[in-house]
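Understanding the architecture of this molecule
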Amino acid sequence: MKNIYKKYLFNKHILVNEGNIESTEIQFDTIFALANLFNIRITEGEKLVSREMIKYASQRLGENVPEPFYRGFPQSVKELSADQLLFDQLVHYAITYGFGDFSEAGHSIFEKDFERTAFKEGADIKDFVILNEMDADAALGNMINDLLLGTRPLSDEQYALVVEYIKDNNNFIPDGIGSKNTAIKLILDLRDNAYANYISMSDVIKLVDELNFQKYENTNIKKLNLKNQDRKFITSIIDILFSSGRVDIKNCYEKKKIWCGLLHHIHYVPKSEEAKAFVDAMRGNENLSVYSAFEKAMTEKNVKTAVDALKTGKGSAAVLRNLNYIISRCESVDDLKYIIDCIDTDNVIVLIQLLIQYSQYKSGNQARTFKFTKYNRLITHMETEDEKKKRKSIISEGQANMLADEITKNLERVLKNRLGKVYIDPAMKSYALPIQENTSQGGFGVLTKGSRIRIPETKKLRAFTYWEKVDDIDLSVFGIDDNGNRKEFSWRTMAHNQSDALVYSGDETSGYYGGSEYFDIDMEKFRKRYPNIHYLIFCDNVFTGIDFNKCYCKAGYMTRDLEDSGEVYEPKTVKSSFLVDSESTFAYLFGVDLETNDFIWLNIARESAARVAGTTNMDFITDYFHLTDVINVYSFFEMMATEVVSDISEAEVVVTDKSVECPEGVQVIREYDIEKMITLMNK
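The next thing to look at is the sheet that holds strand E20 (residues 653–655). The four strands are arranged E19-E6-E20-E21 in an open sheet whose pairing can be described as parallel. Edge positions in the open sheet fall to strand E19 (641–644) and strand E21 (667–669), since each of these has one partner strand only. Across the sheet, the mean angle from the axis of one strand to that of its neighbour is 30°, orientation sign disregarded. Pairing geometry for E20 and E21, over three bridges, is parallel. Following the sheet pairing, Val 653 is matched in E21 by Gln 667. Across the sheet, helix H24 (residues 633–640) touches strand E6 (419–424), E19, E20 and E21, and the angle it forms with E19 is around 115°.

Our next topic: the environment of Asp 474. Looking at the element boundaries, Asp 474 is found in strand E10 (residues 473–481). For Asp 474 and Ala 613, which are 139 residues apart along the polypeptide, the C-alpha to C-alpha distance reads 8.0 Å. When near neighbours in sequence (up to four residues on either side) are disregarded, Asp 474 contacts Trp 491, Asp 507, Glu 517, Cys 539, Asp 540, Asn 541 and Phe 543. At 3.2 Å, the side chain of Asp 474 forms a polar contact with the side chain of Trp 491.

This next bit is on the sheet that holds strand E1 (residues 14–17). Hydrogen bonds between backbone groups are what pair the strands of a sheet, and the pairing can be parallel or antiparallel. As summarised here, the arrangement of the three strands in space is E1-E3-E2, forming an open sheet in which the pairing is parallel. Each end of this open sheet is capped by a strand with a single partner; those strands are E1 and strand E2 (40–44). Averaged over neighbouring strand pairs, the angle between their axes works out to 40° when direction is ignored. Pairing geometry for E2 and strand E3 (residues 126–132), over four bridges, is parallel. Within the sheet, the bridge partner assigned to Ile 40 lies in E3 and is Lys 126. Sheet contacts for helix H3 (residues 52–61): E1, E2 and E3; angle to E1, the most-contacted strand, approximately 145°. Against the sheet, helix H6 (residues 133–149) contacts E1 and E3, and its axis sits at roughly 110° relative to E3.

Core analysis: the biggest nonpolar cluster contains 120 residues, and Ile 352, Phe 526, Phe 538, Tyr 588, Phe 636 and Phe 637 have the highest contact counts within it. Of the residues forming this core, the biggest block, nine residues, is contributed by helix H19 (residues 348–359). Here Phe 636 is in contact with Val 348, Ile 352, Leu 415, Leu 433, Leu 680 and Met 681, once residues within four sequence places are set aside. In this structure, Leu 140, Ile 144, Val 163 and Ala 183 belong to the second largest nonpolar core, which totals 61 residues.

Moving on, we come to the environment of Cys 662. One can find Cys 662 in the loop between E20 and E21. By relative accessible area, which is 25% here, Cys 662 ends up partly exposed. Separated by 14 residues in sequence, Cys 662 and Ile 648 place their C-alpha atoms 7.0 Å apart. Contact partners of Cys 662, with chain neighbours within four places excluded, come to Ile 648, Val 654 and Val 668.

A few words now on helix H10 (residues 228–243). Because an α-helix completes one turn every 3.6 residues, residues spaced three or four positions apart along the sequence face the same direction. Between its first and last C-alpha atoms H10 spans 23 Å; for 16 residues at 1.5 Å apiece the expected length is 22 Å, and the two agree. Listed in full, the buried residues belonging to H10 are Asp 230, Arg 231, Phe 233, Ile 234, Thr 235, Ile 237, Ile 238, Leu 241 and Phe 242. The secondary structure elements touched by the buried residues of H10 are helix H8 (180–190), helix H9 (204–216), helix H12 (256–265) and helix H13 (273–283). Of the residues flanking the end of H10, it is Gly 245, one or two places downstream, whose phi is positive at about 75°.

Moving on to the side chain of Asn 324. Along the chain, Asn 324 falls in helix H17 (residues 323–327). According to the relative accessible area criterion, Asn 324 is buried, its value standing at 16%. At a separation of 2.6 Å, a polar atom in the side chain of Asn 324 contacts the side chain of Tyr 358. Excluding residues that lie within four positions of it along the chain, Asn 324 makes contacts with Gln 357, Tyr 358, Tyr 361, Ser 393 and Ile 395.

Our focus in this paragraph is H6. Here H6 spans 24 Å end to end across 17 residues, near enough to the 24 Å set by a 1.5 Å rise per residue. Near the N-terminus of H6, the side chain that reaches the backbone nitrogen of Met 134, with its oxygen 3.2 Å away, is that of Asn 132.

The next point concerns the side chain of Asp 522. Relative to the elements of secondary structure, Asp 522 occurs in the loop between strand E13 (515–521) and helix H22 (523–529). In terms of polar contacts, Asp 522 uses its side chain to reach the backbone amide nitrogen of Lys 525, at 3.3 Å. Filtering out sequence-adjacent residues up to four positions away, Asp 522 remains in contact with Lys 460, Asp 500, Ala 501 and Leu 562.

This next bit is on the state of the cysteines. Under the criterion given, the structure shown has zero disulfides. The closest cysteine sulfur to the non-disulfide-bonded Cys 260 is located on Cys 252, 13 Å from its own sulfur. Here Cys 260 falls in the partly exposed class, since its relative accessible area comes to 29%. Among the cysteines around Cys 553, which has no disulfide bond, Cys 551 carries the closest sulfur, lying 6.1 Å off.

A few words on the packing of aromatic side chains. Evaluation of the coordinates by the stated rule reveals 39 aromatic pairs. Relative to Tyr 325, the ring of Phe 294 lies with its centre 5.8 Å away and its plane at 75°, an arrangement referred to as edge-to-face. Taken as a pair, Phe 294 in helix H14 (residues 290–299) and Tyr 325 in helix H17 lie far apart in primary sequence, 31 residues in all. By relative accessible area, which is 0% here, Phe 294 ends up buried. Taken together, the aromatic side chains of Phe 538, Tyr 557, Phe 578, Phe 590, Phe 599 and Trp 601 make up a single cluster linked through ring pairs. Between Arg 60 and the ring centre of Tyr 56, over which it is positioned, the NZ or CZ distance is 5.3 Å. Over the face of the ring belonging to Tyr 159 we find Lys 185, whose NZ or CZ atom lies 4.4 Å from the ring centre.

Turning our attention to a positive patch on the surface. Among the surface-exposed residues, Lys 206, Lys 222, Lys 255 and Lys 257 lie close enough to one another that they form a single positively charged patch. Position of Lys 257 relative to the elements: it lies in helix H12. Residue Lys 257 is classed as exposed on the basis of its relative accessible area, which comes to 77%.

Rules of the game
Residues numbered from 1 in each chain as written. Predicted model: local features only at pLDDT ≥ 70, side-chain atom pairs only at ≥ 80, totals over all residues. Heavy atoms only, no water. Pairing = 2+ DSSP bridges. Helix = DSSP H or I, 4+ residues; strand = E, 2+ residues; numbered from the N terminus. Axes fitted to C-alpha atoms, helices over the stretch in contact; angles between N-to-C directions. Contact = heavy atoms within 4.5 Å. Polar contact = N/O pair within 3.5 Å; in protein donor to acceptor, adjacent residues only side chain to side chain. Core = buried A, V, L, I, M, F, W, Y, C linked by side-chain atoms within 4.5 Å. Buried < 20%, exposed > 50% of the residue type's maximum accessible area, 1.4 Å probe, protein only. Expected span 1.5 Å × (residues − 1). Disulfide = S-S within 2.5 Å. Phe/Tyr/Trp six-rings, centres within 6.5 Å; stacked < 30°, edge-to-face > 60°. Lys NZ or Arg CZ within 6 Å of the ring centre and 35° of its normal. Patch = residues over 30% accessible without salt bridge, like charges linked within 9 Å, V, L, I, M, F, W, Y side chains within 5 Å. Areas by Shrake-Rupley, 256 points an atom, 1.4 Å probe, with all protein chains shown as cover. Salt bridge = Lys/Arg side-chain N within 4 Å of Asp/Glu carboxyl O. Lys, Arg positive; Asp, Glu negative; His and termini not counted. Charge placed at Lys NZ, Arg CZ, Asp CG, Glu CD.

In short, the description is geometric, and any link to function would need to be established separately.
So this is what it looks like as structure tokens:
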């Protein structure tokens, strides 16, 4: 089985036996080794265990991880003065960047010899099952199908998996492709016109935009310079859409000028009367788009007519997406009631997104940060003073609360009785739903944005990053208070900030041969030392200036005893290890809520060329910290259940993050089974 498949299955706690059946003695030794080295417990398929799995687990959880700059981290670091720490750093940088010597790992010149004790910390058990190759392929096929049903764009890891699987399985026919973005990328990457059945004519502009970015690194669709073969390809897709009757001309009017430019650029010659009428319409002066009619009615202050135009032309979801704009123009209670009656869409994803938006809505005069994604990267824009003055689409917090209540009622109506009797572990209230994971990195232990994991009082958090094939990657921490003020903890500031509360490993930059950085956070001591800081945000940035996908970088975290033993990097204690491979130099990794002692997943690739952390706006990041307060895995399944049962033996579906024994035929859904959740949200 290909490594890309085995990696993805490992992230779902599945190991694959590729036909190697070992003796009983070797099986016993291997099971013992997996438990002893990695705290991996095999719950199913013990007889399929093989020695290769030890090597594979070590690769996934960390193999040949470079030593930190201070080999006695964290104990030896605490013994050095601020001057020694700073001088260590200057000498190291003089050698690596001044002389360009990356031939060997750099280490402290002041650090005393340090002898480590044997590892003797407690660590969480990781439950795994082992499948034979045929069953593993079947499980993978189900995951691929579920991913494709999602209406939201896939992450880079998910998409790469889907493409590879389709290439290897020519007879694979998905139940559907819910996301136009995914269908468009498949058309381009596979050059298979069959995937045009999943898009409409208006999506051709998205297809050209994606092609323009992928192949020509151009983000301006108004300035095309496509090669002849790409012009012919776009022409063939347009002709297929005409022949299959997938021409939504009203939606095409919304991009009329771009269509006009595209048709001219590809020298399009219509081959039917319908095609000729379309070309004439795009080149003509008339604009019959839904939004044109909508805007005309809004200008005339006829809100009901505007809402009718939008709902009839594009559906209730389009009304919901423009709620702020519409409600801010209401001049009567009757208008407001009319709009609220339109909140009747069956689109679960839209309802959840809007529920989060209005539940977190805050009116006021502070500058807003607008977030959107393009090419699977987060792009942000902070409102300027001029934009604040011209603001029009403002609603009150009272209106936002009312909308959130109405959206909740509609969501409950749509989801009601989708499942039978369901047992839901209370711990599932801490996990967020996979609403928009396209900017995420993939790897073991990765959860959806906003998911929370309690850090035990007896543990500290050790964040890590390590790399190869690049000179330097920096791990940074930012403390945020409730007023949005922040304090930076990074290679630039830590010489004077090392303490029992926060310890930094030093910046080991041995280039191609690998470097590493670590931070240790003792929550209780940190709270006492920095009482105003509420949140911590961990970031990775490539100081060298190349994108993450041009090098090799892993990041993650461990939970370690307050007085830790053993090596700095202990695979047993690794909670998550994931590859940072975005087409950018900056990524938000995770956060900590110091008031609740919760670790919070962020995992966002930002569209950025920043080489030094601290130069980007982070105010909006704390929005992700409250997602589970609005809706979570527990409340989602609670809405779908015919009955929530307290006895697992009575359940038809079990939702839990623990190892449980269930009767045969009962579906078990884990916190990492995002594919199953995607299917349920897109039914």
